[in-house]
Amino acid sequence: MSTSAVRSRLGSSSGAQGPEHRRGRGRRRRSRRRIAAWWIVLYLVLLAASHAIASRRQPTRGPDDRAAISVRVVRGEQQLASSARLAYREWPTAMADSAADALRPVLLLHGSPGSADDFRTLGPALARDRRVIAPDLPGFGASERAVPDYSVLAHAGYALQLLEKLDIERCHVLGFSMGGGVALELWGLAPERVASLTMLSAIGVEELELFGDQQVNHWVHGLQLGLVRALLAGSPHFGALDDFPLGREYARNFYDTDQSRLRALLERFEPPLLLVHGERDFLVPQEAALEHHRIVPQSELALLQDDHFMVFRDGAELATRELAPFLARVEEGQAVRRASAAPERVAGARRPFDRAVLPPFEGPALLVTLVGLVLAMWVSEDLTCLAAGLLVALGRISFLAACGACFVGIVGTDFMLYLFGRWVGRPALAYAPLRWWLPPQRLDEASAWVRERGAAVIFASRFLPGTRLATSVACGALQTSASRFVLYFAIAASVWVPLVVWLAARLGAAALPLMERTQGWLLALLLGMGLLLVTLRLLVPALWSLRTWTGRRKLLGRWRRIGGWELWPMWAVYPPVVLYVLWLGLRHRSLTLFAAANPGIPDGGFVGESKAEILSKLPTEVVPVWRLVTVANGAELRREVERFLSGEGAASGFGLPVVIKPDVGQRGQGVMITRRLEDAERYFERWPQALPAKLILQRYAPGLEIGIFWAKGTAEDHGEILSLTEKRPPTVTGDGEHTLEHLVLADDRAVALHRVYLRERPDAARFVPAAGENVPLVDVGTHARGCIFLDGSEHLTTELEAAMDRLADAYPGFDFGRLDVKVDSLEALRRGGPFQVVELNGVTSECVHVYDPRVSFVEAYRVLFRQWRRAFEIGAQRRAMGQAPPGVRRLVALVIAHRRRGLLRPDQR
């Protein structure tokens with residue numbers, strides 16, 4: 001299919017357009033960016049004003065009808081030295097003082113969010129014949145808002161202090177919702193003070209709270225707390241959200257609480273217990289009350305045709321119908337305690353928890369769960385689908401609801417990525433941190449894939465690991481039709497989501513009975529299934545690729561890349577080297593001592609040094625003619641190349657090719673050999689970076705490229721060549737029938753780096769080399785771009801070492817590093833030249849012969865360790881001569897600055 005046909009099918013509006021149209025589009029894009037910039041400035045101003053006002057705002061104390069005492073601040077079970085305000089409400093009793101004193105008081109503990117006002121009708125009804133107290137637990141109502149611990153255990157500590165301050169030795173306790181957990185912890189702290197307990201729509205065992213696992217629930221509440229904090233800190237609300245009921249204190253309450261403690265408290269609870277619960281309670285399901293009734297054999301259960309909030313509407317009726325009779329039985333000694341519970345109830349309490357009683361979510365709880373699944377897609381689509389499948393296995397949500405939430409979340413995130421690519425566009429991807437998140441090369445590959453294969457790519461990216469992000473952004477950057485994009489991704493998601501959710505539900509249902517006795521079983525199952533899904537994501541495309549010769553060769557290339565350590569990325573190779581460098585730093589009492597070597601190069605050539613400055617210090621007769629230029633676009637670069645070739649300001653007498661490379665760069669980043677002037681004009685299309693750019697134009701030096709790593713201590717008469725590397729550009733031979741892409745895949749070595757070589761040759765899928773034609777795959781001697789490195793130590797001679805001594809002596813302050821040189825032949829190399837120095841690198845260069853496939857993994861580390869040991873030794877010699885090494889902060893700043901300038905992915909070398 002042609003490119004134009006693909007664009008037509010995708011509804012793209014980015015076809016061939018005239019320069020006037022492109023200029024107009026550029027003006028509109030710049031206008032939108034200016035408007036966006038003003039909106040950002042306005043937002044930042046409003047945010048700063050909001051925080052300034054909020055910092056002067058007095059905290060809200062709540063209603064004035066509260067008494068208050070000063071209590072010690074509590075963290076866990078420990079009382080701290082600082083104090084806090086604890087407000088409470090006490091309703092006047094209609095009985096005479098003597099009659100009221102004859103009955104034990106009632107302590108009412110509210111829910112979260114809430115306050116003593118939760119009991120505005122229930123409290124007065126109970127106060128007809130006894131004393132009734134309801135505190136505002138810290139974080140709520142008129143009590144102290146800022147405390148270190150908002151857990152139910154800490155709240156129980158505050159409630160205990162209130163009883164002590166009010167001289168209440170023993171009382172009845174009622175816990176509503178979250179207050180049920182506080183009441184249980186209060187009994188655990190001081191059982192002698194609790195005469196009875198009423199759990200009204202109360203929380204309890206963790207198995208019936210949210211996802212049924214303390215660790216998972218803790219993560220969910222942590223996410224909730226993070227979102228609340230982000231909303232408060234990142235929105236200019238001018239204090240309007242400070243008193244929002246579902247705010248910071250509410251989120252901290254559940255985040256700080258360890259609900260796994262409550263089952264053990266219920267299983268040994270001794271006093272009489274009344275459970276009052278609504279059958280339509282969607283926040284704490286009635287199954288929780290049934291489980292509490294089972295494990296507390298002396299408990300009484302009242303299931304009402306009501307919901308979670310019946311205390312607000314029917315408090316007085318609850319007090320008269322349910323609570324007063326129960327309290328009377330307790331006072332008269334007729335209520336059952338654990339010691340006198342029926343034997344059959346005691347036997348039932350000993351049975352393990354049956355997960356078959358887990359109820360499905362409904363009402364707001366279901367809505368919150370589904371919304372949470374949608375939002376969790378921004379973190380991990382696969383893990384969210386797995387979590388949804390586990391909820392299906394647990395019976396908490398239906399299969400249809402799980403698939404629907406995951407589908408909406410996936411399509412929504414994909415569409416947002418599409419809009420990001422469409423509105424922000426490619427230019428923003430040249431800047432950190434976006435270029436780390438989505439490297440330009442990855443976007444180039446995805447764009448080419450979309451152009452060549454059309455809608456099938458969008459569908460396939462759902463199933464191929466590592467392609468969805470780049471494909472979505474690429475579709476936006478290519479201005480594809482939004483409706484068609486959503487349609488194709490929706491079709492792909494409608495296949496992917498049910499498959500993953502069904503798999504997770506089936507595996508979860510099978511595994512849950514085996515793992516439920518293990519602490520953290522749900523996390524272990526989720527992580528295990530995540531690993532399985534990742535394996536399937538890798539395995540299924542691999543098996544699918546076996547259908548075709550091309551797929552089988554690409555799969556073989558990936559396998560060989562894994563098997564050949566010299567092809568691994570730096571992050572996989574260098575951790576042992578980094579640890580060894582840190583040890584050397586501790587041994588020499590300076591982590592940066594190695595950078596004291598090479599005083600003639602800034603910071604020893606650690607990173608960010610100017611290549612032009614280095615070249616200017618080398619003897620002119622050994623350096624190809626070069627010039628440093630500053631350009632703002634490709635057209636200017638072409639003009640500078642033309643001036644360079646014409647001999648303006650430099651020796652003339654040569655033509656193309658010309659080497660273009662950044663003045664500051666490493667490991668072949670941004671190096672291009674320009675064989676046509678048009679290539680220079682397109683330089684910035686391939687190497688996007690911040691403009692204006694300082695570039696070096698250098699005459700191309702023919703011949704063999706050799707890497708020579710040289711070191712010389714300050715007290716040594718002669719230097720030493722630590723490494724000699726022959727750099728051979730890989731080639732394939734044409735047969736007049738197959739494309740270059742086919743030839744690369746057919747080559748036993750090139751297939752391992754087929755992605756690198758095909759990126760170097762964008763025409764590989766169309767170009768058919770003639771029979772017998774040798775086609776170089778790269779023309780830059782860099783391992784990251786696929787050049788073959790071979791150990792050349794057999795060519796080391798005394799003449800070559802003498803030539804290196806002379807060259808190093810001509811460069812003041814050069815002790816240690818690698819020179820990349822060009823020579824006519826290996827024989828000329830052994831004679832010590834003549835050669836041309838195309839580049840000199842400092843202390844962070846490598847003995848690159850270790851990337852010879854014949855060098856073993858162990859031998860490579862031996863060489864790299866020796867190299868760094870030598871760098872520290874020379875640095876120590878320079879330090880003894882008064883050369884101070886740069887500080888750690890200096891080197892970190894250089895690394896950050898280099899990453900901001902980076903042209904390639906950080907894992908390339």
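In what follows, the structure referred to is the one given above.
Residues numbered from 1 in each chain as written. Predicted model: local features only at pLDDT ≥ 70, side-chain atom pairs only at ≥ 80, totals over all residues. Heavy atoms only, no water.

Considerations on the overall build of the protein
Line of reasoning, step 1. For the protein, the count of helices and strands is 35 helices and 19 strands.
Line of reasoning, step 2. Among the 909 residues that make up the protein, the fraction classed as buried is 52%.
Line of reasoning, step 3. Once local pairs closer than 6 in sequence are excluded, the contacts in the protein between residues at least 24 apart make up 76%.
Line of reasoning, step 4. Carbon and sulfur atoms make up 59% of the accessible area of the protein, which totals about 41,200 Å². (Helix = DSSP H or I, 4+ residues; strand = E, 2+ residues; numbered from the N terminus. Buried < 20%, exposed > 50% of the residue type's maximum accessible area, 1.4 Å probe, protein only. Contact = heavy atoms within 4.5 Å. Areas by Shrake-Rupley, 256 points an atom, 1.4 Å probe, with all protein chains shown as cover.)

Side note on the sheet that holds strand S18 (residues 816–823)
Line of reasoning, step 1. If you trace the 5 strands from one edge of the open sheet to the other, you get S17-S14-S13-S18-S19, paired in antiparallel fashion. Two strands lie at the open edges of the sheet, namely strand S17 (788–791) and strand S19 (835–841), each paired on one side alone. On average, adjacent strands in this sheet sit at an angle of 30° to one another, irrespective of strand direction.
Line of reasoning, step 2. Here 7 bridges tie strand S13 (residues 704–711) to strand S14 (residues 720–728), and the two strands are oriented antiparallel to one another. By the bridge assignment, Ile 708 is partnered in S14 with Leu 724. (Pairing = 2+ DSSP bridges. Axes fitted to C-alpha atoms, helices over the stretch in contact; angles between N-to-C directions.)

A look at the environment of Val 501
Line of reasoning, step 1. Mapped onto the elements, Val 501 comes out in helix H21 (residues 482–515).
Line of reasoning, step 2. For Val 501, a relative accessible area of 0% puts it in the buried group.
Line of reasoning, step 3. Along the primary structure Val 501 and Leu 390 are separated by 111 residues, whereas in three dimensions their C-alpha atoms are 8.1 Å apart.

Digging into the side chain of His 172
Line of reasoning, step 1. Checked against the element boundaries, His 172 lands in strand S5 (residues 171–176).
Line of reasoning, step 2. Discounting chain neighbours no more than four positions away, the residues touching His 172 are Arg 104, Pro 105, Val 106, Leu 107, Arg 130, Ala 195, Ser 196, Leu 327, Val 330 and Glu 331.

Let's talk about helix H6 (residues 178–189)
An α-helical turn contains 3.6 residues, so a residue and the one three or four places further along point in the same direction.
Line of reasoning, step 1. The terminal C-alpha atoms of H6, which comprises 12 residues, lie 17 Å apart, in line with the 16 Å expected from a rise of 1.5 Å per residue.
Line of reasoning, step 2. Where burial is concerned, most of H6 is hidden: 10 out of the 12 residues are buried.
Line of reasoning, step 3. Residues of H6 that are buried: Met 178, Gly 179, Gly 180, Gly 181, Val 182, Ala 183, Leu 184, Glu 185, Leu 186 and Trp 187.
Line of reasoning, step 4. Looking at the packing, one finds that the buried side of H6 touches strand S3 (106–109), helix H5 (152–165), S5, strand S6 (194–200), helix H8 (248–256) and helix H9 (261–267). (Expected span 1.5 Å × (residues − 1).)

Some details on helix H25 (residues 575–587)
Line of reasoning, step 1. Helix length check: H25 (13 residues) gives 18 Å between terminal C-alpha atoms against 18 Å at 1.5 Å per residue, within 8%.
Line of reasoning, step 2. Taken residue by residue, H25 has Val 577, Tyr 580, Val 581, Leu 584 and Gly 585 as its buried positions. Along the axis of H25, the buried residues cluster in a sector spanning 145°; they form a single face. Exposed residues pointing more than 90 degrees away from the buried face of H25 are listed as Leu 579 and Leu 586. (Arc of directions from axis to C-beta.)

Digging into the sheet that holds strand S12 (residues 693–699)
Strands belonging to one sheet form pairs held by backbone hydrogen bonds; the direction of such a pair is parallel or antiparallel.
Line of reasoning, step 1. Reading across from one edge, S9-S12-S10-S11 is the order of the 4 strands in this open sheet, with antiparallel pairing throughout. With partners counted over all chains shown, the strands left at the sheet margins are strand S9 (626–631) and strand S11 (672–674), one partner each. For this sheet the average axis-to-axis angle between neighbouring strands, irrespective of direction, equals 30°.
Line of reasoning, step 2. Here S9 pairs with S12 via 6 bridges, running antiparallel. From the neighbouring strand, Val 631 faces S12, where its bridge partner is Ala 693.
Line of reasoning, step 3. Against the sheet, helix H27 (residues 634–646) makes contact with S9, strand S10 (658–662) and S12, and its axis sits at roughly 155° relative to S9, the strand it touches most.

As for the packing of H25 against helix H34 (residues 857–880)
Line of reasoning, step 1. One can describe the packing of H25 onto H34 by two numbers: an axis separation of 10 Å at closest approach and a directional angle of 30°. As far as their axial angle goes, H34 and H25 are roughly parallel. Seen from above, H25 lies across H34 with right-handed handedness. Contacts between H25 and H34 involve Pro 576, Val 577, Tyr 580, Val 581, Leu 584 and Gly 585 from the first element and Tyr 861, Leu 864, Phe 865, Trp 868, Arg 869 and Phe 872 from the second. (Parallel < 35°, antiparallel > 145°, perpendicular 65-115°, else oblique. Left-handed = near helix turned anticlockwise from the far one by under 90°.)

Re the side chain of His 155
Line of reasoning, step 1. Tracing the backbone shows His 155 in helix H5.
Line of reasoning, step 2. Discounting residues that sit within four places of it in the chain, His 155 has contacts with Leu 137, Pro 138, Phe 140, Tyr 150, Met 178, Val 182 and Asn 253.

A short note on the environment of Gln 259
Line of reasoning, step 1. Relative to the assigned elements, Gln 259 resides in the loop between H8 and H9.
Line of reasoning, step 2. With residues up to four places along the chain from it excluded, the contact list for Gln 259 reads Ile 203, Gly 204, Val 205, Glu 206, Glu 209 and Gln 214.

Quick word on the pattern of salt bridges
Line of reasoning, step 1. Considering all chains together, one arrives at 45 salt bridges under this definition.
Line of reasoning, step 2. As a salt-bridge pair, Lys 617 and Glu 613 come within 3.8 Å of each other at their nearest N and O atoms. Here Glu 613 and Lys 617 lie together in helix H26 (residues 611–617), a separation of 4 residues that amounts to about one turn.
Line of reasoning, step 3. Residue classification places Glu 613 among the partly exposed positions, given a relative accessible area of 34%.
Line of reasoning, step 4. We note a salt bridge from Glu 705 to Lys 727, for which the minimum N-O separation is 3.6 Å. (Salt bridge = Lys/Arg side-chain N within 4 Å of Asp/Glu carboxyl O.)

Quick word on the state of the cysteines
Line of reasoning, step 1. In this structure the tally under the stated criterion is 0 disulfides.
Line of reasoning, step 2. Free cysteine Cys 406: the closest other cysteine sulfur is in Cys 385, separated by 4.0 Å.
Line of reasoning, step 3. Relative accessible area serves as the criterion here: at 0%, Cys 406 is assigned to the buried category. (Disulfide = S-S within 2.5 Å.)

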